[in-house]
Structures are given as C-alpha cells and as structure tokens.
Amino acid sequence: MKLCMIGTGYVGLVSGVCFADLGNNVICVDKDLKKIDLLSKGRIPIYEPGLTELVKKNYKNKRLKFSSDLKKSIKNSDIIFICVGTPTKKGGSSADLSQVYNVAKEISLSINKFKIIVTKSTVPVTTGDEIEKILLKKKNNKNKFSVVSNPEFLREGEAIRDFIFPDRIVVGSNDKKSNRLMNNLYAPLISKGAQYIHTSRRAAELIKYSSNAFLATKITFINEIANLCEKTGINVEDISIGMGLDKRIGSRFLRAGPGYGGSCFPKDTKAITSTADKFKINLSVIKSVIKSNESRSNFLLNKVYKILNNKVKNKRITFLGVTFKANTDDMRDSSSLKMIPALSKKGAKINYFDPTGLKKEFSKVKNVSYIDNIRESVKGSDLVIIHTEWNDFKSINFKNLVKGKKFIIYDMRNIYSPIKIKKQGFKYYSIGR
Ligand code: UGA
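Here's what I pulled together on the structure shown here. (Residues numbered from 1 in each chain as written. Predicted model: local features only at pLDDT ≥ 70, side-chain atom pairs only at ≥ 80, totals over all residues. Heavy atoms only, no water.)

## Topic: unusual backbone geometry
(1) Moving on: In the Ramachandran plot, Asn309 falls in the positive-phi region, its phi being about 50 degrees despite a non-glycine side chain.
(2) Moving on: Here Asn309 shows up in the loop between helix 14 (296–307) and strand 9 (316–320).
(3) Moving on: The phi dihedral of Asn314 falls on the positive side, at around 65 degrees, and the residue is not glycine.
(4) Moving on: One can find Asn314 in the loop between helix 14 and strand 9. (Helix = DSSP H or I, 4+ residues; strand = E, 2+ residues; numbered from the N terminus.)

Structure, rendered in structure tokens:
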C-alpha cells in the first residue's frame, strides 16, 4: 500500500519505517527541511535502538522516502497517518491540537481519490469527529475519505519490537471499508498472532488515553506503597511479586522508582482529565495520580537531605543517568530535571553521567558538570544516585571503582541487592526496601 506519515517525530518515524519494512511504500513528510535533509542522509534525530539500521535498509530499497512536499505526498498515498505532536497547551492541561487540525486542513485541500485519514497521534476523544468536519468543509471531499483512529502503544527504547510484536492493534472507525483496508495493512502482524480489535472511532481514542492513565496509576500506586514499606521494614519487591502473580493485576509496571516521566504519561494523564472535565465528568483517581507523581521528586529529595543529615552545601553528588528511563535520550519530564536544580540550589556540587552523552542538559544550572565515564563521575563523591536503569549501571563493582572510597549510594531503581552492597561496606539506600 502507499502510505504517508505526516510528522517525522518519534511516532511517525518508527511507524513509517516499520510499515516500509512490512513491504509498503512509505513517504515520511515533515515541514522541518533540516530534518528531512538529515533523514535522507541516513542520520536519525532520535536515539532508538535499531532504528538507524532499519531506516537505512528501507531507504536503500526505496520503500521509504522523505519529503517536505505535503500536497504531493498526500495525493500519491492511499492511507495518510497524522503523527504530529499533541503537547500540553501552554499554561493549561488540555492537549494542544493545533498541529493536528492544521494538517487536517492541508489534507482537505489535496484529496484527489478515496483516502483513509488515520490519527496515530494521541488525540482526545471526539478529535476524529472534528477532523471529519474540517475535511467536509470542502464539498468535493464528500464520500472520498474515512477518518480512522489507530493509536500507537510503542514504548521509547523498545519501539521497533513493540511495533512488530504488539499486545494489540486497535483500529477505531465508523465504516466497514476502512476497517477492511486497515486489517489488510496489519495482516503481516495479525498472521503472526497480533490481536486486532475494531471499535468505534471514539472508543479507540479513549482506549489510548485510558491505557496510559491506567499504567501511570499502577506506577503511582506502587510508589506510594513503597513509601509505606520503607516505614514498616518491608521489601516493596515482595509486594510487587505477591500482587503481580494475581492474573487480574499482573506484574508489569509495578516497579517502584522516581515517578513516571517521559513525553506521554504526564501529558496524557492531564489531557484525559481535562477532556473529562469538559464533559462534566470528574476523573478523580487520575487527578490524584497526577498530584502524587508531581510530588514524587520532592519526596525523594527530602530523603536525599535526610541521608546527608541536612548538610547539602558543598556535598558532591553524582547522578548516574538523567533520562526519564533507559534506552532513550528523552529528557522530557524526567525527575532529574527537578532534582538536580533543587540540589544545586542548596549548594551541592553535581556530576552526572548518562550513556547517551547528554552533555548540555544542565549547562544553565550552577555547579553541574557532565563527566563522560562512570569511574570519573563518582570520584570524590559523597553520594551516588542511580537515577536511570541503564544496563551500564547494573553490574558496577563499587568496591573497586574508586579504591578505598566509600560513598553513599541511593539506588532509585532498586538495581542492587541491599545485603550485597552493604556487605561491601557502603551505606546503601533504595526505594521501598
Ligand atoms: C508509554 C507507554 O508505555 C506506551 O505504551 C505508549 O505508547 C507511550 O507511552 C505513548 O503514549 O506514546 P513510554 O513513555 O515510552 O511509553 O515509557 P514507559 O516505558 O511506559 O515508562 C514511562 C515511565 O514510567 C518512565 O518514567 C518509567 O521509568 C516509569 N516506570 C515504568 C516506572 O516507574 N515503573 C514501572 O514499573 C514502569
């Protein structure tokens, strides 16, 4: 099939290249000329394992193309995916849909034959209805399109695997023809066992938000239980295992940590409550999840102060990892963005190392330095905070790292065994253990 992905951000690029790899002809469009130029040279603007190789392969075999010519790309395609950003509105909590609606206007001007217009971006329930209205403003477009919702459930760092082996493929449309075509598009994945579900368009839109909000709730739930574990001498991991073995609960997303971050959960939890408010429905559970997660960094910071006996000034603190999770260079809503400036304000001297080499992230924060290897970054440190669960931090021999030096370790991802590390003579703190 001939596909057009509008927006070559995370969603558009990963989905586009994976569809090309399944044998479709895909054109990825972006108004950012520099980005298109870079992509055409095989240079990928985001860090995602396996993506560069897949882009190069499919670009070479000509199934994947990059362009900034939106009109031409739309005209030449059968299925158009809208993959532009839906960030939180400035100063508010609802999703800013201006990019989606601008794209819809552009599409409305270039419909030359029947097309399926798919929202892959995360959009609030009823956005598909609005897109349809925009497309119908041009009378000639009547009966020449179908608007479909096909949300993505890709995790950063695992996106290609998630695309090829999805837990489910959700397609929401209000007509049979578009469902048939979408089912054909996903046939190679369905034949390998992927579950394909067809719903109304509005239901598909809401499935996406409800899924993210539920996962965010699970994480926040276990983080609060971890706080109780710390006070009562219980290991939160026993709780996660004990709860998770109940098939109704499930063990995934029950890892306590520094709170959820990234480009999706914080934005989507806010947007779903804001949409519900518009319909005069109070999603009080999700609202309290947002509040709890927003206070998580402060909660952990207070623990850091306690660990340092409230003497933070001139203390050397090392952050191992600053991204919101491993295998990504994404810093959006990472808890390190709150913790590092707060500690710097209190007079701490901070080193950080991240495997993605994000050197400039804290260049405007006083007393923060990027050090490009683990050993050097912890030299002279009073406290080492393991902030992100990169593999690079999973088998550190702390004893041999800096001879004779016993820094305190605060493991915010529960990577190490408290007993083993304490045996090596280190003061060790973790989450809910
Ligand atoms: C999330 C969803 O998992 C994807 O299904 C969805 O497609 C995506 O948002 C999106 O809406 O585009 P992502 O933001 O890449 O994916 O990250 P996750 O792996 O879900 O992690 C989110 C946050 O939760 C991270 O900060 C992570 O450290 C934290 N987390 C996750 C925990 O603290 N504990 C856990 O057990 C799991």
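## Quick word on the pairing of strand 13 (residues 408–411)
(1) Moving on: Neither face of strand 13 is exposed, since Ile408 and Tyr410 on one face and Ile409 and Asp411 on the opposite face are all buried.
(2) Moving on: In terms of strand pairing, strand 12 (residues 383–386) meets strand 13 through 4 bridges, oriented parallel. Looking across to strand 13, one finds that Ile386 is bridged to Asp411.
(3) Moving on: Pairing geometry for strand 13 and strand 14 (residues 428–430), over 3 bridges, is parallel. Paired with Tyr410 across the two strands is Tyr429, which belongs to strand 14.
(4) Moving on: Remark: the strand 13/helix 18 (residues 418–423)/strand 14 crossover connection has right-handed handedness. (Buried < 20%, exposed > 50% of the residue type's maximum accessible area, 1.4 Å probe, protein only. Pairing = 2+ DSSP bridges. Right-handed = clockwise from strand over helix to strand, strands pointing away.)

## Let's talk about the site of the ligand
(1) Moving on: By nearness alone, 20 residues border the ligand, and Glu152, Leu154, Glu156, Lys208 and Asn212 come closest of all.
(2) Moving on: Backbone polar atom of Leu154 to an oxygen atom of the ligand: 2.8 Å apart, as the coordinates give it.
(3) Moving on: Phe324 is positioned such that a nitrogen or oxygen atom in its backbone is 3.2 Å from an oxygen atom of the ligand.
(4) Moving on: Placement of the ligand is best described as lying within the largest pocket.
(5) Moving on: At the level of elements, helix 10 (201–232) and helix 12 (265–278) are the ones that each hand at least two residues to the shell around the ligand.
(6) Moving on: With 3 residues, the single largest contributor to the shell around the ligand is helix 10.
(7) Moving on: The residue makeup of the shell around the ligand, split by class, is 9 nonpolar, 3 polar and 8 charged. (Near = heavy atom within 4 Å. Polar contact = N/O pair within 3.5 Å; in protein donor to acceptor, adjacent residues only side chain to side chain. 1 Å grid on protein atoms, 1.4 Å probe; cavity = no way out; pocket = protein on both sides within 12 Å on 5 of 7 lines; lining within 4 Å. Sits in = over half its atoms within 2 Å of the grid points. Nonpolar A, V, L, I, M, F, W, Y, C, P; charged D, E, K, R; others polar.)

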